[in-house]
Every structure is written in structure tokens, then in C-alpha cells.
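Summary of the model geometry
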Amino acid sequence: MKTLFGIPLYMWTTIIIVLFLTIFSLIVHHKMKKLKVGDKPSKFLTLLILGVGAFNDFVKSNIGKKWKFVSPITLSLALFIFLSSLATLLALDTPTKYTTVTAALAILSFLTVQITGILSRKWRHIKTWGEPIVFIFPLNILSDLMPILSMTLRLFGNIASGALLVALVYKLTGWFSIVVAPPVHVIFDIGFGLIQTLVFVMLTVVFAAGKVEETDLDIQL
């Protein structure tokens, strides 16, 4: 594994993506605060507001009243996963082709799901692990933990296989890769990256929705 100053290259990519998202968020927040009543936002801000609003509505329609907790986390996960898949376009090492990164993302998703259940059901969420009888408590815990392994391997497998195929294309085509590589990048980096982002977010939202009290699901969009 290649390193820079003793740190793996994929970690440098992770740091770059996190810094970019942090700085971008601060800039957008600053511009939003400067807007006054009656001001017309720029086209970029308008598009951004519509995009975030559509994402919030999607989460709200599935999670209900606890959407304000789930939406920021899942949106952050989506942006990180998608930008990670685009890293190879900038000759950076893709973080999500390593199980350490995908496992960390899956653990964050798991914690989001469980905390959503606690926020909605309080102590009754813990009680559900012992239903219908207390003796199957370990099995219920295992059923909640298994999605971590599934999501980790799914994301890692798809991104790693895509990165391997792109590397093989460069190796086999040589200088001709200038012509062949662009459509391959579109398919495997952008296309597969977008699909895996949608799958990861959808699974997180669906798992979280399964932990929410039915009364909390009744909310007007």
C-alpha cells in the first residue's frame, strides 16, 4: 500500500474530501446567512436549495418526525461516497475500495439506525431486542449487526472491482487508453459510484424507518 509521510494515500484522499465538504458547507452557510427577506438567491444557491429540499422530503417521507436527525447524516454519507468514487478522475486513491473505510461508513449507518430507534421509541427500542422472548436477544442483536457486514462488503466489492477494471483497461490499452478510458471512467466511476451511493443511502433510510414508531411516521410533507 502506497503511503505519503507514513499515511496511506486513501487516507489523504479522505482528508481532502472531508476538508472540501467542510469548507463548501461553511461557504454555503455564510452565503445563506447574508440573504435577507426578499433577496433572490443565485442560480447555484437555488439549485442547491432545491436539491437539499428534495432530499429532505425523501427522508421525511420514510422516517417521519425524526427526519431532522437522519437527513444530515445520510446526505453527508451520500456526498462522501459519491466524491470518493470520483477520486480516480483526479488520480487520487479511492477510499471506498478499502474495507476499513467502508466498514467505518457502515458502522456510522448502523449507529444512525439504532439512535433513530432510541429517539423514536426511547427505552422500548432496547426492549425490542428481547422480543418475542428474551432468549433470542443475541439473535436480534446479530440481525441488526449483519447489515454492517453486508453494506461493507457490497460497497467495497463494487468500488474495488470497478477500480480494478479501470486499471486493467489502462494496462492493456497503453497510449490508446486516451480514447478508451473516458467512457470506462463514466461507467465505473460516475455510474457505479452513483448507484452505490443510492443503494447505501436507501438501505440506511429503510433500516432507520423500520425502527421508528408508527405514530412518528405520520407527518405532513
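As the structure is a computational prediction, the values presented were derived from the model and not from experiment.

Let's talk about the overall build of the protein chain
Each helix and strand counted, the protein chain has 8 helices and 2 strands in total. If you list the helices and strands of the protein chain from N to C, you get β-β-α-α-α-α-α-α-α-α. Taking all 221 residues of the protein chain together, the buried fraction comes to 34%. Sequence-distant contacts, at least 24 apart, represent 70% of the contacts inside the protein chain between residues at least 6 apart.

Side note on the nonpolar core
Counting 16 residues, the largest nonpolar core has Phe 80, Ile 81, Val 101, Leu 105, Leu 155 and Phe 200 as its most contacted members. Looking at this core, the elements with two or more residues in it are helix H1 (9-34), helix H3 (67-85), helix H4 (99-121) and helix H6 (137-173). Excluding its chain neighbours within four sequence positions, the residues that come into contact with Phe 200 are Leu 77, Ile 81, Leu 105, Ala 106, Ser 109, Met 151 and Leu 155. Val 59, Ile 63, Ala 209 and Val 212 belong to the second largest nonpolar core, which has 12 residues in total.

A short note on the pattern of salt bridges
One pass over the full model with this rule turns up 1 salt bridge. Where Lys 97 meets Asp 93, a salt bridge forms, and the shortest distance between an N and an O atom there is 3.2 Å.

Structural notes on the packing of aromatic side chains
Within this structure, the stated rule accounts for 4 aromatic pairs. Here Phe 24 and Phe 44 contribute two aromatic rings whose centre-to-centre distance is 6.0 Å and whose plane-to-plane angle is 85°, an arrangement assigned as edge-to-face. In this pair, Phe 24 sits in helix H1 while Phe 44 sits in helix H2 (residues 43-63), placing the two residues 20 residues apart along the sequence. Here Phe 44 falls in the partly exposed class, since its relative accessible area comes to 46%. Members of the aromatic cluster, connected to one another through ring pairs, are Phe 20, Phe 24 and Phe 44. When the ring centre of Trp 67 is taken as origin, the NZ or CZ atom of Lys 60, which lies over that ring, is 4.6 Å away.

Brief notes about the packing of H1 against H2
For the pair H1 and H2, interaxial distance at closest approach is 12 Å and the crossing angle is 110°. When the interaxial angle is binned, H1 and H2 end up roughly perpendicular. Contact with H1, carried on its side by Phe 24, Val 28, Lys 31 and Met 32, involves Phe 44, Leu 45, Leu 48 and Ile 49 of H2 and no other residues of that element. Taken together, the residues that form the contact of H1 with H2 break down as 7 nonpolar, no polar and 1 charged.

With respect to a nonpolar patch on the surface
Taken together, the side chains of Leu 139, Leu 142, Leu 145, Met 146, Leu 149 and Leu 153 define a hydrophobic patch exposed on the protein surface, amounting to about 550 Å² of accessible area. Tracing the backbone through its elements, the reader meets Leu 149 in helix H6.

Points about H1
With 26 residues, H1 should reach 38 Å at 1.5 Å per residue; the first-to-last C-alpha distance of 38 Å fits that figure. Among all positions in H1, only Tyr 10, Thr 13, Thr 14, Ile 17, Leu 21 and Val 28 are buried. Buried residues along H1 sit in contact with strand S2 (7-8), H2, H3 and H4.

A short note on the environment of Asp 189
By the secondary structure assignment, Asp 189 is in helix H7 (residues 177-209). When the C-alpha positions of Asp 189 and Leu 89 are compared, they lie 7.9 Å apart, and in sequence the two are 100 residues distant. The residues touching Asp 189, leaving out its near neighbours within four places in the chain, are Ser 85, Leu 86, Thr 88, Leu 89, Val 166 and Val 184.

What about the confidence of the model for the protein chain?
Model confidence for the protein chain is summarised by a mean pLDDT of 83, while 94% of its residues fall at 70 or above. Predicted confidence in the protein chain is weakest over helix H8 (residues 214-217), with a mean pLDDT of 74, and strongest over H3, with 93.

Focus: the packing of H1 against H3
For the pair H1 and H3, interaxial distance at closest approach is 10 Å and the crossing angle is 130°. Considered as vectors, H1 and H3 are oriented oblique to each other. The two elements H1 and H3 meet at a crossing, and its hand is right-handed. Contacts from Thr 14, Ile 17, Val 18, Phe 20 and Leu 21 of H1 reach H3 at Leu 79, Phe 80, Leu 83 and Ser 84.

Quick notes on the side chain of Thr 204
Along the chain, the position of Thr 204 falls in helix H7. In this structure the side chain of Thr 204 is engaged in a polar contact, spanning 2.9 Å, whose partner is the backbone oxygen of Phe 200. When near neighbours in sequence (up to four residues on either side) are disregarded, Thr 204 contacts Thr 74, Ser 109, Val 113 and Met 151.

Thresholds, definitions, all that
- Residues numbered from 1 in each chain as written.
- Predicted model: local features only at pLDDT ≥ 70, side-chain atom pairs only at ≥ 80, totals over all residues.
- Heavy atoms only, no water.
- Helix = DSSP H or I, 4+ residues; strand = E, 2+ residues; numbered from the N terminus.
- Buried < 20%, exposed > 50% of the residue type's maximum accessible area, 1.4 Å probe, protein only.
- Contact = heavy atoms within 4.5 Å.
- Core = buried A, V, L, I, M, F, W, Y, C linked by side-chain atoms within 4.5 Å.
- Salt bridge = Lys/Arg side-chain N within 4 Å of Asp/Glu carboxyl O.
- Phe/Tyr/Trp six-rings, centres within 6.5 Å; stacked < 30°, edge-to-face > 60°.
- Lys NZ or Arg CZ within 6 Å of the ring centre and 35° of its normal.
- Axes fitted to C-alpha atoms, helices over the stretch in contact; angles between N-to-C directions.
- Parallel < 35°, antiparallel > 145°, perpendicular 65-115°, else oblique.
- Nonpolar A, V, L, I, M, F, W, Y, C, P; charged D, E, K, R; others polar.
- Patch = residues over 30% accessible without salt bridge, like charges linked within 9 Å, V, L, I, M, F, W, Y side chains within 5 Å.
- Areas by Shrake-Rupley, 256 points an atom, 1.4 Å probe, with all protein chains shown as cover.
- Expected span 1.5 Å × (residues − 1).
- pLDDT = per-residue confidence, 0-100.
- Left-handed = near helix turned anticlockwise from the far one by under 90°.
- Polar contact = N/O pair within 3.5 Å; in protein donor to acceptor, adjacent residues only side chain to side chain.

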